[in-house]
Amino acid sequence: MRTARTAATLIAVVALAAGCSSSGGKTSENKADGSTGGKSAGTPRLKIAMVTHSGEGDTFWDIVQSGAKQAAAKDNVQFLYSNDKEAKGQAELVQSAIDKKVDGIVVTLAKPEAMKAVLAKAKDAGIPVVTINSGGEFSQQFGALTHIGQDESVAGEAVGSELNKRGRKKALCVIHEQGNVSLEQRCAGVKKTFKGTVENLNVEGTDAPSSQSSIEAKLQAAKDIDAVVALGAPIAAVAVKAKQDAGSKAEVDTFDLNAAVVKSLKAKDVGFAVDQQPYLQGYLAVDELWLYKTNANVIGGGKPVLTGPAIVTEKDVPKLEKYTARGTR
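Here the structure is a predicted model, which is why all the values come from computation and not from measurement.

Chemist: An account of helix 9 (residues 233-246) is requested, with residue identities and associated values reported.
Modeler: Taking 1.5 Å of rise per residue, the 14 residues of helix 9 would be expected to cover 20 Å, and the 20 Å separating its terminal C-alpha atoms lies within 8% of that figure. Here the buried face of helix 9 lies against strand 6 (170-175), helix 8 (208-221), strand 8 (227-230), strand 9 (251-255), helix 10 (259-266) and strand 10 (270-275). Backbone geometry just after helix 9 places Gly 247 at a positive phi near 70°.

Chemist: Would you mind going over the packing of aromatic side chains in detail, with residue names and values included?
Modeler: Inspection of the entire model under this criterion finds three aromatic pairs. Here Phe 60 and Trp 61 contribute two aromatic rings whose centre-to-centre distance is 5.0 Å and whose plane-to-plane angle is 75°, an arrangement assigned as edge-to-face. Considered together, Phe 60 and Trp 61 belong to a single accessibility category, that of buried residues. Here Phe 138 and Phe 142 contribute two aromatic rings whose centre-to-centre distance is 5.9 Å and whose plane-to-plane angle is 35°, an arrangement assigned as tilted.

Chemist: Lay out the packing of helix 2 (residues 60-75) against helix 11 (residues 278-295) in plain terms, naming residues and giving numbers.
Modeler: Packed helices, taken two at a time, are described by their axes: the angle between them and the distance between them. Two elements in contact, helix 2 and helix 11, have axes separated by 6 Å at closest approach and are oriented at 35°. Pair helix 2 / helix 11 crosses with right-handed handedness. Side by side, helix 2 and helix 11 meet where Phe 60, Ile 63, Val 64, Ser 66, Gly 67, Ala 68, Gln 70, Ala 71, Ala 72, Lys 74 and Asp 75 of the first sit next to Pro 278, Tyr 279, Gln 281, Gly 282, Tyr 283, Val 286, Asp 287 and Trp 290 of the second.

Chemist: Talk me through the packing of helix 8 against helix 9; I want residue IDs and the actual numbers.
Modeler: Direction vectors running N to C along helix 8 and helix 9 enclose 45°, while the axes themselves pass 8 Å from each other. Accordingly, the angle class assigned to the pair helix 8 and helix 9 is oblique. The crossing of helix 8 and helix 9 is right-handed. Seen from helix 8, the contacting residues are Ala 208, Ser 211, Gln 212, Ile 215, Glu 216, Leu 219 and Gln 220; seen from helix 9, they are Ile 235, Val 238, Ala 239, Lys 241, Ala 242, Lys 243, Asp 245 and Ala 246. Across the contact of helix 8 with helix 9, the residue classes break down as eight nonpolar, three polar and four charged.

Chemist: Tell me about the pairing of strand 10, and please be specific about residues and values.
Modeler: Note on strand geometry: in a regular strand, side chains alternate between the two faces of the sheet. Here strand 10 lies mainly inside the structure; six of its six residues are buried. Direction of pairing for strand 9 relative to strand 10: parallel, over a ladder of three bridges. Within strand 10, the residue paired with Phe 255 across the bridge is Val 274. Regarding topology, helix 10 serves as the crossover connection from strand 9 to the parallel strand 10, and that connection is right-handed. As paired elements, strand 10 and strand 12 (residues 310-312) share three bridges and run antiparallel to each other. Its bridge partner being in strand 12, Asp 275 is matched across the sheet by Ala 310.

Thresholds, definitions, all that
- Residues numbered from 1 in each chain as written.
- Predicted model: local features only at pLDDT ≥ 70, side-chain atom pairs only at ≥ 80, totals over all residues.
- Heavy atoms only, no water.
- Helix = DSSP H or I, 4+ residues; strand = E, 2+ residues; numbered from the N terminus.
- Expected span 1.5 Å × (residues − 1).
- Contact = heavy atoms within 4.5 Å.
- Phe/Tyr/Trp six-rings, centres within 6.5 Å; stacked < 30°, edge-to-face > 60°.
- Buried < 20%, exposed > 50% of the residue type's maximum accessible area, 1.4 Å probe, protein only.
- Axes fitted to C-alpha atoms, helices over the stretch in contact; angles between N-to-C directions.
- Left-handed = near helix turned anticlockwise from the far one by under 90°.
- Parallel < 35°, antiparallel > 145°, perpendicular 65-115°, else oblique.
- Nonpolar A, V, L, I, M, F, W, Y, C, P; charged D, E, K, R; others polar.
- Pairing = 2+ DSSP bridges.
- Right-handed = clockwise from strand over helix to strand, strands pointing away.

Okay, here's the thing in structure tokens:
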């Protein structure tokens, strides 16, 4: 039922955005790269900042930004992006956005407690906030208009169920950012539905060689591991190399989707991926703030708007290749 409601919400949002924007209808055509060919909205120029917890080299956030930039072009918005994997640094970047008197802030809540005080300052300054991707359960209490992303626990449960279908017995869940509540929720969700055993492994996601060595050592020490669950596309690539070097027969599966993962699905180096549609997270977040500022709309009535999860396999490769190649899926 929740999936149906979410689908209906997204359809309504797209329809509303097209109706409110002068770039909708026949005057707006999508270019090959996903950008809009029509004119931007005839609404006042807005400045919207997005501040994430992304580490260096995480291509997931490139896709989020692609969606945000297209919405910004359509909505006559100046889009400002910044990121810091350290919670303190991310909070400081949010404060910087407040000081710039932006018209809206999009933020992730990977380490929610670190963001609580600064988001209270945004509220006091009258700056609307939309949370995306992580920490959805804290969004409302921190004063955000809404949260856009997937329910991480539900996504983890979907992975556990898929592993059961594939006959797996022992899974290694690789957490690439220690303390990130969303990643912990994913592994916990896997444990909830998986009939086999799950062991968590913490690695430093921004250090690929170190991460690969850690996964390889674990696979060599525990040869009964028959599934490696990566929690992000870059770590999936690292896990595939670790598996090969360890001589392991474990299946590598992953959260998130990009061009490299689609190639790995096609080559059967990755069994399946969980798509949470990051492009949609960026697009809807900017669009929501524009709709709120220009028409007092709140997507989903303040309830979380789900963009996933969806299980993707090699069967889905033909319809996804062209979109991942242009960086929109």
